[in-house]
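# Results of the structural survey
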Amino acid sequence: QKEVEQNSGPLSVPEGAIASLNCTYSDQGSQSFFWYRQYSGKSPELIMFIYSNGDKEDGRFTAQLNKASQYVSLLIRDSQPSDSATYLCAVADSGGYQKVTFGTGTKLQVIP
Amino acid sequence: EAGVAQSPRYKIIEKRQSVAFWCNPISGHATLYWYQQILGQGPKLLIQFQNNGVVDDSQLPKDRFSAERLKGVDSTLKIQPAKLEDSAVYLCASSLSRDRPYEQYFGPGTRLTVT
């Protein structure tokens, strides 16, 4: 059974700080990695995806991937109260239809 | 561009009853997914369709759950009979193709409560 693990939190950070969210995965053959944001009572929405080792930046968000350590992270710079949500890590395998497995999510609270 | 539509948004049933959920994906999206999200957990894939064919239903409890996607567009997910542990949000998502999972768009979900 392929696993994606995240700390459930809550992770509390003050407004303006950097929030660091972490995720590990068990399947060494995983090829694609995603971060979704899910507000309470809403559906997940994709905020970042990364395929290669290293960093990928998009605005205030940076995704980091280390395939050797089977580790993915999401950094949120200048955290805002509107960033308060649950962040889901998702991993797609290398199969023909790239099945996606989600972690349980980390709840982030940005304190004004 | 219209998003993924789902109905109903909420459903309350008693255990052993049956229930059906409907999903209409984004126009032109060949791949359709049904996920179950239990409170406090991440979405779990129940079934994935490519057009009207099933490509993965390994986590679908086939003794009680069924799904179909006729004509490769709309899809229905049915539970019969329901159990208490089926209480969850059922999310439908679609993507343009199966090899572009980063383009999954989720519908608003159906919140099922089984009493």
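Here, every reference points to the structure presented above.
Here the structure is a predicted model, which means the values were calculated and not measured.

## Overview of the pattern of salt bridges
Under the definition given, this model contains 6 salt bridges over all chains. In this structure, the salt-bridge partner of E57 of chain A is R77 of chain A, at a minimum N-O distance of 3.4 Å. Taken together, the residues span a long stretch of sequence, with E57 of chain A in strand β6 (residues 54–58) and R77 of chain A in the loop between β8 (71–76) and β9 (85–92) at a distance of 20 residues. Residue classification places R77 of chain A among the partly exposed positions, given a relative accessible area of 26%. In this structure, D56 of chain B engages K99 of chain A in a salt bridge whose closest nitrogen and oxygen atoms are separated by 3.7 Å. Of this pair, D56 of chain B sits in strand β6 (residues 53–56) while K99 of chain A sits in the loop between β9 and β10 (100–102), which puts the two residues in different chains. Both residues of the pair, D56 of chain B and K99 of chain A, belong to the buried class.

## With respect to unusual backbone geometry
The peptide bond linking G9 of chain A to P10 of chain A adopts the cis configuration, its omega dihedral lying at 10 degrees. Note that the residue after S7 of chain B, namely P8 of chain B, is joined by a cis bond; omega there is -10 degrees. One non-glycine residue, D78 of chain A, lies in the positive phi region at around 50 degrees. Relative to the helices and strands, D78 of chain A is located in the loop between β8 and β9. Taking the relative accessible area as the measure of exposure, D78 of chain A reaches 41% and is therefore partly exposed. The phi dihedral of N51 of chain B falls on the positive side, at around 55 degrees, and the residue is not glycine. Tracing the backbone through its elements, the reader meets N51 of chain B in the loop between β5 (44–50) and β6.

Parameters at a glance
- Residues numbered from 1 in each chain as written.
- Chains lettered and ligands numbered in written order.
- Predicted model: local features only at pLDDT ≥ 70, side-chain atom pairs only at ≥ 80, totals over all residues.
- Heavy atoms only, no water.
- Salt bridge = Lys/Arg side-chain N within 4 Å of Asp/Glu carboxyl O.
- Helix = DSSP H or I, 4+ residues; strand = E, 2+ residues; numbered from the N terminus.
- Buried < 20%, exposed > 50% of the residue type's maximum accessible area, 1.4 Å probe, protein only.

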